[in-house]
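These are the residues of each chain, in order.
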There are 2 protein chains.
Amino acid sequence: MAEVRNKQVVLKDYVSGFPKESDMHIIEGTVTLKLPEASSEVLLIKNLYLSCDPYMRILMTEGASSYTPGSPLTGYGVGRVLESGHLDYKKGDLVWGITKWEEYSLVSSDQTLFKIQHTDVPLSYYTGILGMPGMTAYVGFFELCSPKKGEKVFVSAASGAVGQLVGQFAKLAGCYVVGSAGSKEKVDLLKNKLGFDEAFNYKEESDLNAALKRCFPEGIDIYFENVGGKTLDAVLLNMRLHGRISVCGMISQYNLTQPEGVTNLANMIFKRIRMQGFIVSDSYNLYPKFLEFLLPHIREGKVMYVEDIAEGLENGPAALVGLYSGRNFGKQVLVVSRE
Amino acid sequence: MAEVRNKQVVLKDYVSGFPKESDMHIIEGTVTLKLPEASSEVLLIKNLYLSCDPYMRILMTEGASSYTPGSPLTGYGVGRVLESGHLDYKKGDLVWGITKWEEYSLVSSDQTLFKIQHTDVPLSYYTGILGMPGMTAYVGFFELCSPKKGEKVFVSAASGAVGQLVGQFAKLAGCYVVGSAGSKEKVDLLKNKLGFDEAFNYKEESDLNAALKRCFPEGIDIYFENVGGKTLDAVLLNMRLHGRISVCGMISQYNLTQPEGVTNLANMIFKRIRMQGFIVSDSYNLYPKFLEFLLPHIREGKVMYVEDIAEGLENGPAALVGLYSGRNFGKQVLVVSRE
């Protein structure tokens, strides 16, 4: 029975403050390429692409559902089935869903897992535009914000895995869309490649309220929230009547031991604002509808997706940590193996 | 043509910080008891009861829709029609809606105004349980929070004009309900008279988070927000999955030049919380449905209403200012005239 090397990215200990590469280490173990008997782990998978996602920082803080120090990180990824003990999957299938940061993983049947049916697009897309982040943009924008043609949309972290799609979806819906990002290059990407009507570098704006007033003289109808803190506070001052805020993430707050206070919530009353927090996995029943909507747009080149590809598990910690300083340019993907 | 005294409560100047009685003064003018010709003011009303409402503080701050210094305050009230130039009203009708803090008011037809059809209940009720605050409790609780039997409900400012009704509505809906208030007497009222399952004096709790954990070991499904600031922050830590927050008011923040920061908003994501700000006047189309629901409960004694009655316009400033220190015990009403 084949025993092979299984490199892993392991969390050393719970993290407080900004995560560092040294909070993780790479260990090399071995794995037997065979399903254990009488186990809930019914698939043996070879991991191909792993997804670096902002929420992973939250699981590094000690808490009820956090990562286990000494064990590999878990997260979204794309893999190939090497052995299956489940009727829905067979050897050779490609899948995306929750896996571990290692070369080979045993996956149990109660985890999020989708069989990949369309391989005329890059496989890595199933960590991004066709995976969890894509669904997040779709559900958070279309389902929760019910955009109408002509409405004014603001997206923070707009060049990220989710934000770049929200902006493009907003254009498809006939909205005016502005994004904020953290570098000149990202702003250029938004304006010149991704079709945003306007974009600004939040690091260069001394007054976020003024920046928003400049971009939205008539105010914001829909805010897709990825960052939290000061940005949300400035947005609340600029929302229009009956505005909607989809609360997808608050990456600016995850590394703070004392989060920034949001002081302008009373605007929710006067402006009748609805804020809705969500976790996309609640809406995975919409995945077929989502694919039907998005695949044609991708094939026709009407929706683009920018990926930042890191090579090899040993570069995983740096890729993941880079999310929190905005080092990534587009969706951060980690290649484990190109087979 | 009769010219009579018209006492008024006038705002001296815009207010910052906590309002004081001395921010208003009482002036005595005269008024001719006749409708002006060719005017949009189509009703001459004798004011009977005026409503002291927390939102009025917001209109005292300089801003686009604030009160005009030198002019009488505007607000909700109950009055009798002395002259009508509008087909829907005739002399002698009782009405409730937006009026001015004075003895006699000219009211224009584009203001909120309802004819009072049921006079077997106290007339003052149309400033409270059967007026704007009652509708606020009804819309904010039933329409926005969709309560289900057995759900856990928290109400702040629970003995106030709106809160006392939210608690009683929650019991009618089969919920478990806890209220917070600012004195032992108010807590006793909630527990012993108004049917709340539990109540606490927030001024006596050094740790609001701990107080909520004690009252809601399984967490909060619905929070009816009247106060904002620290209370909201503690509530966010104690919400359950798919919790709903109806944002009706944030009275704790209205007098602060720098509002308290809310730091726990990221819980909205993990817990899929929906927060909805609202202004009840958007939902006045539901008023007939509301009356149909509530009048029988009042007549059968199944819903109570506690009022704090101040007598005479000259006591108006003190009554209004008292709201912000919680001096009122129940709905604060100001009697202008008992006819």
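Residues numbered from 1 in each chain as written. Chains lettered and ligands numbered in written order. Predicted model: local features only at pLDDT ≥ 70, side-chain atom pairs only at ≥ 80, totals over all residues. Heavy atoms only, no water.

**Here we look at the environment of B:Met135**
All names here are of chain B.
- Secondary-structure assignment places Met-135 in helix H2 (residues 132-145).
- For Met-135, a relative accessible area of 0% translates into the label buried.
- Considered as a pair, Met-135 and Phe-290 are 155 residues apart in the sequence and their alpha carbons are 7.0 Å apart.
- Excluding anything up to four places from it in sequence, Met-135 contacts Val-280, Ser-283, Tyr-284, Leu-286, Tyr-287 and Phe-290. (Helix = DSSP H or I, 4+ residues; strand = E, 2+ residues; numbered from the N terminus. Buried < 20%, exposed > 50% of the residue type's maximum accessible area, 1.4 Å probe, protein only. Contact = heavy atoms within 4.5 Å.)

**Quick notes on the packing of aromatic side chains**
- Evaluated as defined, the whole model comprises 42 aromatic pairs over all chains.
- When the ring of A:Phe141 is compared with that of A:Phe142, the centres are 5.1 Å apart and the planes differ by 70°; the resulting orientation is edge-to-face.
- The class for A:Phe142 is partly exposed, based on a relative accessible area of 23%.
- With 5.5 Å between their ring centres and 75° between their planes, B:Phe169 and B:Phe293 make a pair best called edge-to-face. (Phe/Tyr/Trp six-rings, centres within 6.5 Å; stacked < 30°, edge-to-face > 60°.)

**Digging into the sheet that holds strand S9 (residues 176-181) of chain A**
- Spatially, the twelve strands line up as an open sheet ordered S10(A)-S9(A)-S8(A)-S11(A)-S12(A)-S13(A)-S13(B)-S12(B)-S11(B)-S8(B)-S9(B)-S10(B), and their pairing is mixed. Only two strands of the sheet have a single neighbouring strand rather than two, namely strand S10 (198-201) of chain A together with strand S10 (198-201) of chain B. Each neighbouring strand pair of the sheet contributes to a mean axis angle of 15°, computed without reference to strand direction.
- Bridge analysis of strand S13 (residues 274-277) of chain A against strand S13 (residues 274-277) of chain B gives three bridges, and the strand direction is antiparallel. Each residue of the ladder has a partner; that of A:Met275, found in S13(B), is B:Met275.
- Together, strand S8 (152-155), strand S9 (176-181), S10 and strand S11 (220-225) of chain B form the strand contacts of helix H5 (residues 208-215) of chain B, whose direction differs from that of S10(B) by roughly 165°. (Pairing = 2+ DSSP bridges. Axes fitted to C-alpha atoms, helices over the stretch in contact; angles between N-to-C directions.)

**Here we look at the relation of the copies chain A and chain B**
- By a simple turn and slide, chain A fits onto chain B: the slide is 0.0 Å along the axis, the RMSD is 0.0 Å, and the turn is 180°. Both chain copies can therefore be described as sitting about a two-fold axis. Relative to the rotation axis, the closest C-alpha in chain A is found at A:Gly261, a distance of 1.8 Å.
- A high fraction, 100%, of the interface residues of chain A reappear at the interface in chain B, so the copies pair face to face through one surface. (Least-squares fit on C-alpha atoms with pLDDT ≥ 70 in both.)

**Quick notes on the interface of chain A and chain B**
- Taken together, the contacts link 29 residues of chain A with 29 residues of chain B.
- Buried area between chain A and chain B, both sides added, is near 2,300 Å², and the carbon and sulfur share of it is 67%.
- The largest per-residue losses of area from chain A upon contact with chain B belong to A:Thr263, A:Ile269 and A:Arg272, which jointly make up 25% of the total buried on that side.
- Remark: the boundary between chain A and chain B carries two salt bridges.
- For A:Asp282, the salt bridge identified is with B:Arg272, shortest N-O distance 2.6 Å.
- Linking chain A with chain B are six residue pairs in polar contact (both at pLDDT 80 or more).
- Secondary-structure elements contributing two or more residues to the side of chain A that touches chain B are strand S12 (239-247), helix H6 (267-270) and S13 of chain A.
- Top element by residues in the side of chain A that touches chain B is S13(A). It accounts for four residues.
- Residues belonging to the side of chain A that touches chain B are distributed by class as follows: 17 nonpolar, eight polar and four charged. (Buried area = accessible area lost by both parts, 1.4 Å probe. Salt bridge = Lys/Arg side-chain N within 4 Å of Asp/Glu carboxyl O. Polar contact = N/O pair within 3.5 Å; in protein donor to acceptor, adjacent residues only side chain to side chain. Nonpolar A, V, L, I, M, F, W, Y, C, P; charged D, E, K, R; others polar.)

**Thoughts on the environment of B:Leu50**
All names here are of chain B.
- In this structure, Leu-50 sits in strand S3 (residues 41-51).
- Leu-50 gets classed as buried once you look at its relative accessible area, which sits at 0%.
- Between the C-alpha atom of Leu-50 and that of Gly-75, which follows or precedes it by 25 residues, the distance is 7.3 Å.
- The contact partners of Leu-50, leaving out residues within four places of it in the chain, are Tyr-76, Gly-77, Thr-99, Lys-100, Trp-101, Glu-102, Thr-127, Leu-313, Gln-332, Val-333, Leu-334 and Val-336.

**Things to note about the side chain of B:Lys152**
All names here are of chain B.
- Secondary-structure assignment places Lys-152 in strand S8.
- It is Glu-218 that comes nearest to the buried, bridge-free Lys-152 among opposite-charge side chains, at 4.2 Å.
- Setting aside anything within four residues of it in sequence, one finds Lys-152 in contact with Tyr-176, Phe-216, Glu-218, Gly-219, Ile-220, Asp-221, Ile-222 and Arg-240. (Lys, Arg positive; Asp, Glu negative; His and termini not counted.)

**A look at the domain arrangement of chain A**
Residue and element names in this part refer to chain A.
- According to the domain assignment, chain A contains domain 1 (3-128 + 305-335) and domain 2 (132-281).
- Measuring from the centre of the C-alpha atoms in domain 1 to the corresponding centre in domain 2 gives 28 Å.
- If you look at the interface, domain 1 gives 22 residues, while domain 2 gives 16 residues.
- When the two sides are added together, the surface that domain 1 and domain 2 hide from each other amounts to roughly 1,600 Å², 64% of it contributed by carbon and sulfur.
- On the domain 1 side of the interface with domain 2, the three residues burying the most area are Tyr-305, Val-306 and Phe-329, jointly 29% of the side's total.
- Our count for the contact surface shared by domain 1 and domain 2 stands at zero salt bridges. (Domains from an automatic or database assignment.)

**Re empty space enclosed by the protein**
- According to the stated counting rule, one finds four cavities of 30 Å³ or more in the structure shown.
- Of the pockets and cavities examined, the largest cavity occupies roughly 50 Å³.
- Around the largest cavity, the lining residues are A:Val262, A:Thr263, A:Leu265, A:Ala266, B:Gly228, B:Gly229, B:Met250, B:Gln253, B:Pro259, B:Glu260 and B:Val262.
- Looking at the lining of the largest cavity, its residues break down into six nonpolar, four polar and one charged. (1 Å grid on protein atoms, 1.4 Å probe; cavity = no way out; pocket = protein on both sides within 12 Å on 5 of 7 lines; lining within 4 Å. Points joined across faces, edges and corners; volume = space filled by probe spheres on them.)

**Comments concerning the packing of H2(B) against helix H3 (residues 163-172) of chain B**
Residue and element names in this part refer to chain B.
- Across the interface, H2 lies against H3 with an axial gap of 9 Å and an inter-helix angle of 45°. Accordingly, the angle class assigned to the pair H2 and H3 is oblique. In the packing of H2 onto H3, the handedness of the crossing is right-handed. On the side of H2, the interface is formed by Gly-134, Ala-137, Tyr-138, Phe-141 and Phe-142, while H3 contributes Leu-165, Val-166, Phe-169 and Ala-170. (Parallel < 35°, antiparallel > 145°, perpendicular 65-115°, else oblique. Left-handed = near helix turned anticlockwise from the far one by under 90°.)

**Some details on the packing of helix H4 (residues 208-215) of chain A against helix H5 (residues 230-238) of chain A**
All names here are of chain A.
- In the contact formed by H4 and H5, the axes pass within 9 Å of each other and the chain directions differ by 45°. The angle between the axes of H4 and H5 places the two elements in the oblique class. Every pair of crossing elements has a handedness; the one defined by H4 and H5 is right-handed. Judged by residue contacts, Leu-208, Asn-209, Leu-212 and Lys-213 of H4 engage Lys-230, Thr-231, Ala-234, Val-235, Leu-237 and Asn-238 from H5.
- Taken together, the residues of the contact of H4 with H5 sort by class into five nonpolar, three polar and two charged.

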